[in-house]
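The primary structure of each chain is shown beneath.
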Amino acid sequence: MTGLLGLTLEDALAALRARGIEPAVEYTENPRRPAEGTARVVRISADGLRLTCARFPDQIKPEDDR
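Calculation rules
- Residues numbered from 1 in each chain as written.
- Predicted model: local features only at pLDDT ≥ 70, side-chain atom pairs only at ≥ 80, totals over all residues.
- Heavy atoms only, no water.
- Helix = DSSP H or I, 4+ residues; strand = E, 2+ residues; numbered from the N terminus.
- Buried < 20%, exposed > 50% of the residue type's maximum accessible area, 1.4 Å probe, protein only.
- Pairing = 2+ DSSP bridges.
- Axes fitted to C-alpha atoms, helices over the stretch in contact; angles between N-to-C directions.
- Contact = heavy atoms within 4.5 Å.

**Student:** Please clarify how the overall build of the protein chain should be interpreted in this entry.
**Tutor:** Looking only at helices and strands, the protein chain has one helix and three strands in total. Listing every helix and strand of the protein chain by position from the N terminus yields α-β-β-β. Dimensions of the protein chain along its principal axes, counting C-alpha atoms only, are 45 × 20 × 15 Å. Taking all 66 residues of the protein chain together, 26% fall into the buried category.

Dropping the structure here:
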């Protein structure tokens, strides 16, 4: 199941559903920054029934905007 790490949430869900698994999805985020960008899998339970996702920016912001 570790092959799903880093995949977009949609891609990971499609792979699991193809195996007949419908996982619960949890989100984690940095409390100091609003969530933005693409949801990616950062953790998966051993049985594949629970995914944890975090949002990652789609583009790197210029230094002045950080």
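Having put the structure on the table, let's press on.
**Student:** When you look at the sheet that holds strand β2 (residues 38-44) in this model, what are you seeing that I'm missing?
**Tutor:** Pairing between the strands of a sheet is mediated by backbone hydrogen bonds and can be parallel or antiparallel. With mixed pairing, three strands are arranged side by side in an open sheet as β1-β3-β2. Both outer strands of the open sheet, β1 (24-27) and β2, are each paired with one neighbouring strand and no more. Averaged over neighbouring strand pairs, the angle between their axes works out to 40 degrees when direction is ignored. In this structure, β2 lies alongside strand β3 (residues 50-56), joined through six bridges in antiparallel fashion. When the bridges of β3 are listed, alanine 39 appears paired with arginine 55. Contacting β1, β2 and β3, helix α1 (residues 9-18) runs over the sheet at an angle of about 160 degrees to β3.

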